[in-house]
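Here is how the chains run, residue by residue.
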Amino acid sequence: MLRRNFNSLLLTTPAAPALQPAPPDTPWRLWYAQPAADWNEALPIGNGRLGAMVHGGFSEEHLQLNDDTLASSAPGADNLPLDVTRQFDEVVALLRRRQFAEAAAIMTKNWTGRSWPCYQPLGDLFLQFEDARLPAGYTRELDLENAVARVRYSLGGDSVTREYFVSHPHQLLVVRLKSSRPGLLHLKARLSSVHPTAVTRPAGRQALAMQGQLPGFVLRRTLEWVENRKEQWKYPEVWNPDGSRKPFAKTVLYGGEVGGRGTRFEARLALHSTDGQSNASTEGLSIQRASEVVLLLGSSSSYKPLELDSLTAAAMRLPYEDLLAAHTADHQSLFRRVHIDLGAHSPKPTDQRIAGFKDGGDPGLAALYFQYARYLTIAGSRPGTQPLNLQGIWNNLVIPPWASGYTVNINTEMNYWPAEVGNLSECTEPLIRMVKELSVTGRDVATKMYHRRGWVAHHNTTLWRGAQPVDNNAMPSFWNMGGAWLCQHLWEHYAFTRDRAFLAEIYPVLKGAAEFLSDWLIDDGRGRLVTAAGHSPENTFVYKTADGQSRTAGVCMGPTMDLAIIRDLFHNTLEAARILSLDAPLRKELEEKLARLLPYQVGARGQLQEWPEDFEERDPRHRHVSHLYPLHPGREFTLRTTPKMCEAVRRTLEIRGDGGTGWSRAWKICFWARLEEGDHAYVLLKNLFEPAQNPKDHSKLGGGVLPNLLCSCPPFQIDGNFGGAAGIAEMLLQSHAGEIHLLPALPKAWPKGRITGLRARGGFEVSLSWSASQLQSATLKFLTGGEAKLRYGRRTVTHSAPKGTLLNLKPDLTLA
């Protein structure tokens, strides 16, 4: 109703005094001609720790707030006394006899069950404006280059501008409201939270303080959030500890009956400056007759307490212009490292561009999507913060999809795929730190649950770095490859930076993960090594029982992805040990076991088998394509070294199809790019841009892109933004196969373009330009010095140079 009235207003307001949309002086801008109708249209801002979604409402502005350290439940509350060894022989015997479902039942009962704390919203900042007149010339935008959200409109010929940003240097959300006429602004600012414990009070005459504590509940099952979709995942409709579906009483939520209480939190809103009159009361912060208002908001939690008074006082001493300048300089020092030009940008609002992308004519939207992912990385992941979770740092739900946690059987890893190649290596620090922390909790799980060396993590973890299996179902929960996959990101950071000190620092983490999986391998009865029990993430197969009945299961010995991740981890650990001249006995052990691993197999349909037997998939179009890991993000399959395996991968992708969830389509872009089929990769990119929400009634919520350009799984899940950006990078530059391959999968849709500042493995920075779908020039900067093998088409050239050298190259890769 609000949107309909507002749009009609835009048509009837006289145009003469209207403020026109700001000229698109930068292509890196999302903009809209109306306020956000719901959260899926709001615009994200953040500094890695503190996030906000800006709705841009006229009479009431709404900023939904997040702090990245807020979690329900307490550390250790969700751990269980699990012991795999008690049923290990029984489970393995059942799997050898192909009694897959029976083995899974025992595993579900005895090897799973840890619950999940949920990532929680902090609260809401509302700005209620008293002016009853209707606006003209409304625009709402997110300026990616400056990391500032803005709202502009006019009232009776007087212009109003709102600006919002979250400063990393000052660790505060900053709001400026400015009008062209003195005394035009009359508003009330108030803080609230969905959490009933939250209490807001005046903190002096010009500030508000909100304090509370999160609930002490946890999710028991993966599908719990699905059951709560009808209730919009809000209080009090959540599951009881005993699994019943009646509403949770607030006394249970906050009484500590399930895992203790969650994180304590505080938000502080302060008036930085105004030329109007102000007063704080229990109803909010009232500001009257102002032409400019600047507000500061900070957050803190019991997980990581901050001195909000000190932060606010330091910012109070600076004018708004200095706060903005410090924020912009900090952001641009990262964002401006890479520039991309894929062609013209449509001048239309972003929601209209999304709707029209499938028709072509707007190649600039793909470039915007790439830079948006880099923006989201900077806004959501900074040194010292938590890693990006399923929703990044932006979540408004008490019971979010999949707990808004760290799902490490694809999603968390995908969040960081474009970071290194996108020249944002510093932003991977939160993920690297999480892996180190998991190696500590995971060592305890390896010792007590498995009685094996090293460390292990399963398919999900949380703020508290839980390493046991979550849920009460062997599939998907009992998947002990999570730590090993995460270790790939440690190796990738070294591969891109060639930082030997870093490699020495993380080597014990690689070693521990390799030791655990070395101990987890068993003989399959035919002399080959396989994992004792596992599954291909979230997928199931159909098999025949001994009496000829068809059954469905997910658990087996030695699924393909298990062995692919083990190969990748063992190779990376071996290479690290050789570089550092360490652990000769371990190197011998890993080399011997690598040689005995069950080989990859091609099925009757020409596809890469997902399991040791050529099972039929229960869902041939399943969203996960986990067994293709050796092609991407692994480096084991390449067109020039394993052509037969790549052909099997291609056939697998044909069977799986070009649909799927948002993140699944993003992963398939990467696959087709690694197969050097740019036009097919572009088909997946177009499919990724499928509008996930009906712009008229917001009824549809499918896979694709939401109006705010965030990815929909569905529902909103940020991994697809990063996977899609990684796919775009793979189309333009690849460096995983021991050479720097220029334009390996350039689609016909981008015949002319330019990209600068991409990073390549080996310690290089690469820039490219092309025209008529042919390379025109390239530059190669040696960040560490050494040798670089380059490829363009069938031609390869090797250059050697010391650190800091910049080479200008011709299309034939010789020196210009």
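Structural data are supplied above this passage.
Residues numbered from 1 in each chain as written. Predicted model: local features only at pLDDT ≥ 70, side-chain atom pairs only at ≥ 80, totals over all residues. Heavy atoms only, no water.

## Focus: the environment of Gln 171
Turning to step 1, where the next piece is worked out: Residue placement: Gln 171 occurs in the loop between β8 (158-167) and β9 (172-179).
Turning to step 2, where the next piece is worked out: Residue class for Gln 171 comes out buried when judged on its relative accessible area of 18%.
Turning to step 3, where the next piece is worked out: In sequence terms Gln 171 and Gly 298 are 127 residues apart; their C-alpha atoms lie 7.0 Å from each other.
Turning to step 4, where the next piece is worked out: Aside from chain neighbours lying at most four places away, what touches Gln 171 is Asn 47, Arg 49 and Leu 311.
Turning to step 5, where the next piece is worked out: Within the structure, the side chain of Gln 171 is placed 2.9 Å from the backbone oxygen of His 168, a separation counted as a polar contact. (Helix = DSSP H or I, 4+ residues; strand = E, 2+ residues; numbered from the N terminus. Buried < 20%, exposed > 50% of the residue type's maximum accessible area, 1.4 Å probe, protein only. Contact = heavy atoms within 4.5 Å. Polar contact = N/O pair within 3.5 Å; in protein donor to acceptor, adjacent residues only side chain to side chain.)

## Overview of helix α18 (residues 643-656)
Turning to step 1, where the next piece is worked out: With 14 residues, α18 should reach 20 Å at 1.5 Å per residue; the first-to-last C-alpha distance of 20 Å fits that figure.
Turning to step 2, where the next piece is worked out: Every buried residue of α18 is listed here: Met 645, Cys 646, Ala 648, Val 649, Arg 650, Thr 652, Leu 653, Ile 655 and Arg 656.
Turning to step 3, where the next piece is worked out: One or two steps after α18, the chain reaches Gly 657, where phi turns positive at roughly 90 degrees. (Expected span 1.5 Å × (residues − 1).)

## Quick look at the side chain of Arg 140
Turning to step 1, where the next piece is worked out: Take Arg 140: it is sitting in strand β6 (residues 136-143).
Turning to step 2, where the next piece is worked out: For the buried Arg 140, no salt bridge exists, and the shortest N-O distance to an oppositely charged side chain is 4.5 Å, to Glu 41.
Turning to step 3, where the next piece is worked out: A polar contact is formed between the side chain of Arg 140 and the backbone oxygen of Gln 34, at a distance of 3.0 Å. (Lys, Arg positive; Asp, Glu negative; His and termini not counted. Salt bridge = Lys/Arg side-chain N within 4 Å of Asp/Glu carboxyl O.)

## Description of the pattern of salt bridges
Turning to step 1, where the next piece is worked out: Applying the stated criterion across every chain, the model contains 53 salt bridges.
Turning to step 2, where the next piece is worked out: Here Arg 353 and Asp 362 are joined by a salt bridge, their closest N and O atoms 2.8 Å apart. The residues Arg 353 and Asp 362 share a single accessibility class, namely buried.
Turning to step 3, where the next piece is worked out: When the shortest N-O distance is used, the salt bridge between Glu 739 and Arg 791 registers 2.6 Å. Separated by 52 residues along the polypeptide, Glu 739 in the loop between β29 (733-734) and β30 (740-742) and Arg 791 in strand β34 (residues 786-792) bring together distant segments of the chain. As far as burial versus exposure is concerned, Glu 739 and Arg 791 are alike and both buried.
Turning to step 4, where the next piece is worked out: Each of Arg 29, Glu 141, Asp 143, Arg 150, Arg 152, Glu 163, Arg 176, Lys 178, Glu 292 and Glu 321 takes part in salt bridges that share partners, so that together they form one network.

## Some points on the pairing of β9
Turning to step 1, where the next piece is worked out: Taken across its 8 residues, β9 has 7 buried, putting it largely inside the fold.
Turning to step 2, where the next piece is worked out: As judged from the 8 bridges shared by β8 and β9, these two strands associate in the antiparallel manner. Paired with Val 166 across the bridge in β9 is Leu 173.
Turning to step 3, where the next piece is worked out: Between β8 and β9, which pair antiparallel in sequence order, lie 4 residues; one of them, Gln 171, sits at a positive phi of approximately 55 degrees. (Pairing = 2+ DSSP bridges.)

## Regarding the pairing of strand β4 (residues 60-67)
The side chains of a regular strand alternate between both faces of the sheet.
Turning to step 1, where the next piece is worked out: Within β4, 7 of the 8 residues are buried, leaving the element largely enclosed by the surrounding structure.
Turning to step 2, where the next piece is worked out: In this sheet, β4 lies alongside strand β3 (residues 50-54) in antiparallel orientation, the contact comprising 5 bridges. Its bridge partner being in β4, Met 53 is matched across the sheet by Gln 64.
Turning to step 3, where the next piece is worked out: In this structure, the hairpin formed by β3 and β4 is closed by a connection of 5 residues, where Gly 56 is found at a positive phi of approximately 75 degrees.

## Description of the packing of helix α19 (residues 662-674) against helix α20 (residues 678-688)
Turning to step 1, where the next piece is worked out: Remark: α19 packs on α20, axes separated minimally by 8 Å, with the N-to-C direction vectors making an angle of 165 degrees. Comparing the axis directions of α19 and α20 gives the class roughly antiparallel. Crossing angle aside, the handedness with which α19 passes α20 is left-handed. Each of Gly 662, Arg 665, Ala 666, Lys 668, Ile 669, Trp 672 and Ala 673 in α19 lies in contact with α20, whose residues at this interface are His 680, Ala 681, Leu 684, Leu 685, Asn 687 and Leu 688.
Turning to step 2, where the next piece is worked out: Taken together, the residues of the contact of α19 with α20 sort by class into 8 nonpolar, 3 polar and 2 charged. (Axes fitted to C-alpha atoms, helices over the stretch in contact; angles between N-to-C directions. Parallel < 35°, antiparallel > 145°, perpendicular 65-115°, else oblique. Left-handed = near helix turned anticlockwise from the far one by under 90°. Nonpolar A, V, L, I, M, F, W, Y, C, P; charged D, E, K, R; others polar.)

## Regarding the packing of helix α2 (residues 88-96) against helix α3 (residues 100-111)
The relative placement of two packed helices comes down to the angle between their axes together with the axis-to-axis distance.
Turning to step 1, where the next piece is worked out: In contact at an axis separation of 8 Å, α2 and α3 are set at 160 degrees when each is read in the N-to-C sense. Considering their axes alone, α2 and α3 lie roughly antiparallel with respect to each other. In the crossing of α2 with α3, the sense of the turn from one axis to the other is left-handed. Between α2 and α3, the contacting residues are Phe 88, Glu 90, Val 91, Leu 94 and Leu 95 on the first element and Phe 100, Glu 102, Ala 103, Ile 106, Met 107 and Trp 111 on the second.
Turning to step 2, where the next piece is worked out: Class assignment of the residues belonging to the contact of α2 with α3 gives a composition of 9 nonpolar, no polar and 2 charged.

## Quick word on the sheet that holds strand β33 (residues 774-782)
What links the strands of a sheet is backbone hydrogen bonding, and the strands pair in either a parallel or an antiparallel sense.
Turning to step 1, where the next piece is worked out: Read from one edge to the other, the open sheet built from 5 strands follows the order β17-β31-β32-β33-β36, with strand pairing classed as antiparallel. Each end of this open sheet is capped by a strand with a single partner; those strands are β17 (339-341) and β36 (806-809). For this sheet the average axis-to-axis angle between neighbouring strands, irrespective of direction, equals 20 degrees.
Turning to step 2, where the next piece is worked out: Two elements, strand β31 (residues 753-760) and strand β32 (residues 764-771), share 6 bridges in a ladder whose sense is antiparallel. Counterpart to Gly 753 in the pairing with β32 is Trp 770.

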